[in-house]
Amino acid sequence: MTAVPDRDHIAPFTPTTRSITAPDPVRTALRQAGPIVQVTAPAGGPAWIVTEEALAREVCAHPQIVKDPAMAPLYWDRMTAGLEQTAAEQPSLTTLDGPEHARLRRAHAPLFSARRIGEQSPRIHAIARQLLTGIAAHGAVVDLMADFTIRYPLTVLLDLLGIPLDRLDEAIDACRRMLDDEPDAQQEAIAAIAGLAAAGLQDGGRGLAAELRDRMPAGTTPQELHYHLFGLIFAGQLTTDASIGFLIARLLGERDDPGAGGNENVLASGPGSVDELVRETLRRNPPAPFTLWRFTTTEIELAGVRLPARAPVLIDIQGIDTAPARSPGPDLTFGAGAHFCIGAQLALLELRAVATVLRQDFPRARLTVPHGGLRQSGLGGIQGNRLVVLPVVLTG
Ligand code: HEM
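Keep in mind that this is a model prediction, so the values were computed, not measured.

Quick notes on the overall build of the protein
And step 1. Counting secondary structure elements, the protein contains 14 helices and 13 strands.
And step 2. For the protein, whose C-alpha radius of gyration is 21 Å, the value lies close to the compact-globule estimate of 21 Å for 396 residues.
And step 3. Seen through its principal axes, the protein has C-alpha atoms that stretch 60 × 50 × 40 Å.
And step 4. Within the protein, the proportion of its 396 residues that are buried is 52%.
And step 5. Long-range pairs, those at least 24 residues apart, make up 72% of the contacts in the protein between residues at least 6 apart in sequence.
And step 6. When the accessible area of the protein is evaluated, it comes to approximately 17,100 Å², of which 54% is carbon and sulfur surface.
And step 7. In the protein, 36 positive and 44 negative side-chain charges are present, and the distance between their average locations comes to 5 Å.

Topic: unusual backbone geometry
The bulk of non-glycine residues show a negative phi, and the bulk of peptide bonds are trans.
And step 1. Despite not being glycine, Ala303 has its phi angle at roughly 50°, a positive value.
And step 2. Secondary-structure assignment places Ala303 in the loop between strand 7 (300-302) and strand 8 (305-307).

Remarks on the sheet that holds strand 2 (residues 36-40)
And step 1. Read from one edge to the other, the open sheet built from 5 strands follows the order 2-3-9-6-4, with strand pairing classed as mixed. Every other strand in the sheet has two partners, leaving strand 2 and strand 4 (65-66) as the edge strands with one partner each.
And step 2. Two elements, strand 6 (residues 294-296) and strand 9 (residues 312-315), share 2 bridges in a ladder whose sense is antiparallel. In the strand pairing of strand 9, Arg294 is matched with Val313.
And step 3. Across the face of the sheet, helix 2 (residues 53-61) comes into contact with strand 2, strand 3 (46-50), strand 4, strand 6 and strand 9 while running at roughly 130° to strand 9.

Brief notes about the pattern of salt bridges
Pairing between side chains becomes possible if they bear opposite charge and their charged atoms approach one another.
And step 1. One pass over the structure, following the stated rule, counts 25 salt bridges.
And step 2. Among the salt bridges present, the one from Asp321 reaches Arg326, with a minimum N-O distance of 3.6 Å.
And step 3. Note on Asp321: relative accessible area 2%, which makes it buried.
And step 4. Several salt bridges share partner residues, and in doing so they unite Glu53, Arg57, Arg279, Asp321, Arg326 and Asp331 into one network.

What about the sheet that holds strand 5 (residues 142-143)?
And step 1. Taking strand neighbours across the sheet as the criterion, the 3 strands line up as 5-13-10 in an open arrangement whose pairing is antiparallel. Taken across any chain shown, the strands that pair with only one partner, and hence form the sheet edges, are strand 5 and strand 10 (366-367).
And step 2. With 2 bridges joining them, strand 5 and strand 13 (residues 391-393) adopt antiparallel strand pairing. Pairing of Asp143 across the sheet is with Pro391, part of strand 13.

What to know about the nonpolar core
And step 1. Among the nonpolar cores identified, the biggest contains 84 residues, and Phe148, Tyr152, Leu390 and Leu394 are the most heavily contacted of them.
And step 2. No other element matches the 14 residues that helix 11 (residues 222-256) contributes to this core.
And step 3. The residues that make up this core include at least three from each of domain 1 (1-96 + 289-332) and domain 2 (102-275 + 336-396).
And step 4. Those residues in contact with Leu390 that lie beyond four places of it in its chain are Val142, Asp143, Leu144, Met145, Gly245, Ile248, Ala249, Leu367 and Leu374.
And step 5. Among the nonpolar cores identified, the runner-up in size contains 21 residues, and Val39, Ala43, Val66 and Ala72 belong to it.

Some thoughts on the domain arrangement of the protein
And step 1. Segmentation of the protein into domains returns domain 1 (1-96 + 289-332) and domain 2 (102-275 + 336-396).
And step 2. Of note, the centres of domain 1 and domain 2, computed from C-alpha atoms alone, are 25 Å apart.
And step 3. Facing 28 residues of domain 1, the contacting portion of domain 2 comprises 29 residues.
And step 4. When the buried area of domain 1 at its contact with domain 2 is split by residue, Ile20, Gln90 and Leu93 rank highest and sum to 30% of it.

Details of the environment of Cys341
And step 1. Locating Cys341 in the fold gives a position in the loop between helix 13 (317-321) and helix 14 (344-361).
And step 2. Taking relative accessible area as the criterion, Cys341 reaches 31% and is therefore assigned partly exposed.
And step 3. Sequence separation of Cys341 and Glu58 is 283 residues, and the distance between their C-alpha atoms is 17 Å.

With respect to helix 2
Side chains of residues three or four places apart in an α-helix project in the same direction, reflecting 3.6 residues per turn.
And step 1. Within helix 2, the full set of buried residues consists of Leu55, Ala56, Val59 and Cys60. One side of helix 2 holds all its buried residues, which, seen down the axis, span an arc of 145°.
And step 2. Where helix 2 begins, the capping side chain belongs to Glu52, and its oxygen is found 3.4 Å from the backbone nitrogen of Ala54.

Quick word on the pairing of strand 9
And step 1. Residues Pro312 and Leu314 point to one face of strand 9 and Val313 and Ile315 to the other, with burial holding for every one of them.
And step 2. Taken together, the 3 bridges between strand 3 and strand 9 define a ladder with parallel strand orientation. Across the sheet, residue Trp48 finds its bridge partner in strand 9, namely Val313.

Cut-offs applied
- Think of each chain on its own: its residues are numbered from 1, step by step along the sequence as written.
- Per-residue local features of the predicted model are confined to residues with pLDDT of at least 70, and side-chain atom pairs are confined, for both listing and counting, to 80 or more; whole-chain, interface and lining totals are unaffected and use all residues.
- Remark: hydrogens and water are excluded; side-chain values derive from all non-hydrogen atoms of the structure.
- We count a stretch as a helix when DSSP gives it H or I for four or more residues in a row; a strand needs E for two or more, and each element gets its number in order from the N terminus.
- To get the radius of gyration, use the C-alpha atoms; to get the globule rule, take the number of residues to the power 0.38 and multiply by 2.2 Å.
- Partly exposed residues are those whose accessible area sits between 20% and 50% of the maximum for their type, while under 20% is buried and over 50% is exposed, using a 1.4 Å probe and protein chains only.
- Whether two residues are in contact is decided by their heavy atoms: any pair within 4.5 Å suffices.
- The protein chains shown are the only cover counted for residues, whose accessible areas, like all others here, come from Shrake-Rupley with a 1.4 Å probe.
- A positive count includes Lys and Arg, and a negative count includes Asp and Glu. His and the chain ends are not counted in either.
- Just so you know, the charge point we use is NZ for Lys, CZ for Arg, CG for Asp and CD for Glu.
- Paired strands are those between which DSSP finds at least two bridges.
- Angles run from 0 to 180 degrees between N-to-C directions of axes, and those axes are lines fitted to C-alpha atoms, restricted for helices to the stretch in contact.
- The term salt bridge refers to a pairing of a side-chain nitrogen on Lys or Arg with a carboxyl oxygen on Asp or Glu at a separation within 4 Å.
- As used here, the term nonpolar core means buried Ala, Val, Leu, Ile, Met, Phe, Trp, Tyr and Cys residues forming a set that is joined through side-chain atoms within 4.5 Å.
- How far each domain reaches was decided by an automatic or database domain assignment.
- By convention, the term buried area covers the 1.4 Å-probe accessible surface removed from two parts as they join, with the contributions of both added.
- Relevant arc is that of directions from the helix axis to the C-beta atoms, nothing else.
- Whenever two N or O atoms come within 3.5 Å, that pair is a polar contact, provided that in protein one can donate a hydrogen and the other can accept it, and provided that, for residues adjacent in sequence, both atoms are side-chain atoms.

Now the structure itself:
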């Protein structure tokens, strides 16, 4: 078996701020270090990062590699590691595996299928148009990261789930508090979002929240259902929020300086060009640069490397998707295997709608700083980067 040296000089868990166009040195360093790289985890001890695509897909399907935080190293502090509760404490899509996970997926999947989400297309375009038109009425320079990128995905989610939109500001506030490092802030925010979820179930409920309730496996408690809805709201906001910033920067940056985003076709109006813009944005600036943590249930061998039981494993989605020698094929942006993102169709539609509305309704929209002057920052690790500000004039 191959001994893998600790790669402590690679810092995948360190906060960074850099230009939108600056390459991420962590990706290259990890890739060069091998298909599976041992690093030091934020919560201490070794962790393994998979940098090779075939191995990544093998990990996603491996029966001895699970999501349940109960299998995390016993010495890990849950807060430092950023872990959810265990599957026994709080069953969820992101912590269950095997048949229990499959049952929960079956309850969710039809509600988030391409067909069901496609039916929402006119509504989601209308939401994007309405919000951007409202912002444009101010007529001045607006920072789209200040409000729009969080308000838009939350409006879509609340509307879809059947949660009254007069609760939107509460949802925005709670999602912001999820990222607060005050000790109780996160638990309070989870409770607030779960409370909003409950509002989608009142009076019979008319949205997907009520449909999900009716599809839940027998024995699901109201508290468990509220947590599943919390999971959809939080995962759906956090990821799309960051992606919209990069998408708009790419779209408007290309107007000023074709090639700024690295994709010559961005302004082309031919079929498929919005899809390509979205795909390229997600590939280069994924809101989930790594998968969530997985853990080995027993000692296993991966690519000739021995991993002990309870070994923490991440997949370097961003590094794999942007590898220079990568063969054409599906990206890992939304993961792979049983835990493939349940919200992928929704996220893609939200992003396409923003790009389409900006192109059609705001042909004079522009960045007020050079594209390369935009800054991205992030905490490192599983949380992706976000633009610090995105100053834009929508109608010039
Ligand atoms: C551009 C936006 C998005 C990206 C890039 C993204 C990415 C991902 C990835 C990579 C995973 C798999 C994680 C793993 O295997 O450890 C995942 C899972 C998940 N995503 Fe998304 N996501 C996005 C938007 C959304 C939206 C809009 C929703 C809600 C409607 C959502 C809900 C979820 C849920 C619930 C899971 C867990 C699925 C499971 O474990 O079975 N995501 N996402």
